[in-house]
Amino acid sequence: MAVAKGPNGLRVTRRGVVCLSALAAGSAAVHAQQTAKITKASKQVAGYVEKTPFAAQTCVGCHFYIDPDDCEIVEGPVSPTGYCNYYAD
């Protein structure tokens, strides 16, 4: 069985090629996740209101709320006492 040598004189094995391929694929996937940008919904699309009609569902209690007045999925400042159709506790 012949042994292949790379340009730097090191031995090239099938296992080495497979490992490097997996490493490159994983690195590309991580890079794609880091560069993905979420587009926020407008207040109108989200059905956002400044004062919630549901006492138990306010922006301050939502999973997407970022203190003091931001939201991960609705653009612009939001009120802690506001509400939108994307509420998630």
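All values derive from a computational prediction rather than experimental measurement. (Residues numbered from 1 in each chain as written. Predicted model: local features only at pLDDT ≥ 70, side-chain atom pairs only at ≥ 80, totals over all residues. Heavy atoms only, no water.)

A. Local environment of empty space enclosed by the protein. Counting across every chain of the model gives one cavity of 30 Å³ or more. For the largest cavity, the calculated volume is near 80 Å³. What lines the largest cavity is a set of 13 residues, and nearest its centre among them are Cys59, Cys62, Tyr65, Cys71 and Cys84. Its residues placed into classes, the lining of the largest cavity shows eleven nonpolar, two polar and no charged. (1 Å grid on protein atoms, 1.4 Å probe; cavity = no way out; pocket = protein on both sides within 12 Å on 5 of 7 lines; lining within 4 Å. Points joined across faces, edges and corners; volume = space filled by probe spheres on them. Nonpolar A, V, L, I, M, F, W, Y, C, P; charged D, E, K, R; others polar.)

B. Geometry of the packing of aromatic side chains. Going through the model one piece at a time under the given rule, you end up with two aromatic pairs. Look at Phe54 and Tyr83: their rings are 5.0 Å apart centre to centre, the planes differ by 65 degrees, and that puts the pair in the edge-to-face class. Of the two residues, Phe54 is situated in the loop between α2 (43-46) and β3 (65-66) and Tyr83 in the segment after β4 (70-71); the sequence distance between them amounts to 29 residues. Judged by relative accessible area, Tyr83 falls into the buried class, the value being 13%. Following the ring pairs from residue to residue traces out a cluster consisting of Phe54, Tyr83 and Tyr87. (Phe/Tyr/Trp six-rings, centres within 6.5 Å; stacked < 30°, edge-to-face > 60°. Helix = DSSP H or I, 4+ residues; strand = E, 2+ residues; numbered from the N terminus. Buried < 20%, exposed > 50% of the residue type's maximum accessible area, 1.4 Å probe, protein only.)

C. Structural detail: the state of the cysteines. Counted according to the given criterion, the structure contains zero disulfides. Considering cysteine sulfurs only, Cys71 is the nearest to Cys62, which forms no disulfide, with 6.0 Å between them. (Disulfide = S-S within 2.5 Å.)

D. Quick peek at the pattern of salt bridges. Going through the model one piece at a time under the given rule, you end up with one salt bridge. Of the charged contacts in the structure, one is a salt bridge between Lys40 and Asp70, with a shortest N-O distance of 3.2 Å. Of the two residues, Lys40 is situated in the loop between α1 (14-35) and α2 and Asp70 in strand β4; the sequence distance between them amounts to 30 residues. You can call Lys40 partly exposed: its relative accessible area is 31%. (Salt bridge = Lys/Arg side-chain N within 4 Å of Asp/Glu carboxyl O.)

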